[in-house]
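Listed below, chain by chain, are the residues.
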Amino acid sequence: MIDHSLLNPTLSVEELEEGLQIALDYDVASACIMPYYLKRAAEVLADSTVKASTTIGFPHGGHATSTKVAEARQALLDGGQELDTVVNISRVLSEDWDYVRDEIQAVVDLAHDYDQKVKVIFENCYLEDHHKIRLCEICGEVGADWVKTSTGYGSGGATDHDLKLMRQHAPPDVQVKAAGGVRSMDRLLVVRDIGVTRVGASRTVKILDECKRRLGLD
C-alpha cells in the first residue's frame, strides 16, 4: 500500500539512493521521487515489483497545463510508471471546472497512452467539501486511476472525513490515496478500513518494522 516518499527538496543524492534501497528492501508499491532523479530511480527499480513514480505540477499546482503535460511526458520517457499530479488549486477555488477537467484529462490521457497511471492530488486543506466532491466526479469522468488527498506540503493532510468523502464520491474504479499524516501502522490500518489502497509515507521503515513485529517476522 505504501508509496515511499522521496520528495523533500533537501534530500541529497546519497539520501535518495538510500531511499530507493529502502523501497526495494521493504518491497513497497512505489518510490515517489523528485522528477530530476526519476530516470535513475527507474533504473534501480527495473528488476523489482516497486514502481517508479514522481510528481507533476508539484507542490502548488499552479503550472500552466502545457508545462504539466511537458513534465508528464518527460517523466514517462524517464521510466515513470505512476504520476502524482496536482490540480490547479486556484482554478478549483474559482470553480472553473472546464479548465480543471481539461487539464487533468490532458495528463491522464498522456499517461494512459504510455500504459501508465495517474494519481490526482486535490490538496484538500484548501478546499470545501463541494470542491472535493466535484473533483472526484471529474476524475471519474476522465479515467484517473487515483484521487489523492494532499501533497504533504500543505497546511493539512489526510483526514478520515476527507477519505470517506472521496471514497463515497469517486467511482468504484477510481482508487483513493492518503497522503500527509500516515506515520504509523495503526494509522495505515485505519485508512485502509476506509477504503484507501495507497498511502504516501516517508516513515516507511517505522511503519513496516512495526508490521513485521506484530506478525512475528522481525
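Novice: Which residues make up the overall build of the chain, and what values go with them?
Specialist: Counting secondary structure elements, the chain contains 9 helices and 8 strands. Computed over the C-alpha atoms, the radius of gyration of the chain is 16 Å, within 12% of the 17 Å expected from 2.2 N^0.38 for a compact globule of 218 residues. The burial tally for the chain puts 48% of its 218 residues in the buried class. A sequence separation of at least 24 residues applies to 66% of the contacts in the chain between residues at least 6 apart. Accessible area of the chain: about 9,800 Å², with a carbon and sulfur share of 48%. Mean positive and mean negative side-chain charge positions of the chain (24 and 35 charges, respectively) differ by 4 Å.

Novice: Give me the packing of helix α7 (residues 160–169) against helix α8 (residues 185–194): which residues, what numbers.
Specialist: Close contact between α7 and α8 brings their axes to 9 Å; oriented N to C, the two are set at 30°. By the criterion of interaxial angle, the relationship of α7 to α8 is roughly parallel. The hand of the α7/α8 crossing is right-handed. In this structure, α7 uses Asp160, Leu163, Lys164 and Arg167 to contact α8, whose residues at the interface are Arg187, Val190, Val191 and Ile194.

Novice: Provide a residue-level description of the side chain of Thr151, including the pertinent values.
Specialist: Here Thr151 is to be found in the loop between β6 (146–148) and α7. Here the side chain of Thr151 touches Glu123 through a polar contact of 2.6 Å, side chain to side chain. Polar contacts involving the side chain of Thr151 include one to the main-chain amide nitrogen of Tyr153, which spans 2.9 Å. Each residue touching Thr151, except ones within four places of it in the same chain, is listed here: Phe58, Pro59, Val86, Ile121 and Glu123.

Novice: Quick one: what's the story with the pairing of strand β7 (residues 175–179), residue by residue and with numbers?
Specialist: In terms of residue burial, β7 counts as a mostly covered element, since 4 of its 5 residues are buried. Pairing geometry for β6 and β7, over 3 bridges, is parallel. Note on β7: the bridge partner recorded for Trp146 is Gln175. The β-α-β motif built from β6, the intervening α7 and the parallel element β7 has right-handed crossover chirality. Of the crossover connections in this fold, the one passing from β7 over α8 to the parallel strand β8 (residues 198–201) is right-handed.

Novice: Describe helix α2 (residues 38–45), listing the residues and the values that go with them.
Specialist: Restricting attention to buried positions, one finds in α2 the residues Leu38, Ala41, Ala42 and Leu45. Projection of α2 onto a plane perpendicular to its axis shows the buried side chains occupying an angular sector of 100°, all on one side. Structurally, α2 contributes buried residues whose contacts are with α1 (13–25), β2 (30–33), β3 (51–56) and α3 (65–77).

Novice: Give me the lowdown on the environment of Ala106, citing residues and values where you can.
Specialist: Topologically, Ala106 is positioned in helix α5 (residues 97–113). Using a relative accessible area of 27% as the deciding quantity, one classes Ala106 as partly exposed. Spatially, the C-alpha atom of Ala106 lies 8.0 Å from that of Thr65, the residues being 41 residues apart in sequence. Ignoring sequence-local partners within four residues, the contact set of Ala106 consists of Thr65 and Val69.

Novice: Please give an account of the state of the cysteines that cites residues and values.
Specialist: Note: disulfide means a covalent bond formed between the sulfur atoms of two cysteine side chains. Using the criterion set out here, one finds 0 disulfides in the structure. This cysteine, Cys32, is not joined by any disulfide, and Cys139 carries the nearest cysteine sulfur, 16 Å off. Judged by its relative accessible area of 2%, Cys32 is buried. Summary of cysteine pairing: Cys125 is not part of a disulfide, and the nearest cysteine sulfur, belonging to Cys136, is at 15 Å. What makes Cys125 partly exposed here is its relative accessible area of 29%.

Procedures and definitions
Residues numbered from 1 in each chain as written. Predicted model: local features only at pLDDT ≥ 70, side-chain atom pairs only at ≥ 80, totals over all residues. Heavy atoms only, no water. Helix = DSSP H or I, 4+ residues; strand = E, 2+ residues; numbered from the N terminus. Rg over C-alpha atoms; globule rule 2.2 N^0.38 Å. Buried < 20%, exposed > 50% of the residue type's maximum accessible area, 1.4 Å probe, protein only. Contact = heavy atoms within 4.5 Å. Areas by Shrake-Rupley, 256 points an atom, 1.4 Å probe, with all protein chains shown as cover. Lys, Arg positive; Asp, Glu negative; His and termini not counted. Charge placed at Lys NZ, Arg CZ, Asp CG, Glu CD. Axes fitted to C-alpha atoms, helices over the stretch in contact; angles between N-to-C directions. Parallel < 35°, antiparallel > 145°, perpendicular 65-115°, else oblique. Left-handed = near helix turned anticlockwise from the far one by under 90°. Polar contact = N/O pair within 3.5 Å; in protein donor to acceptor, adjacent residues only side chain to side chain. Pairing = 2+ DSSP bridges. Right-handed = clockwise from strand over helix to strand, strands pointing away. Arc of directions from axis to C-beta. Disulfide = S-S within 2.5 Å.

Everything listed here is a matter of geometry and, on its own, says nothing about what the molecule does.
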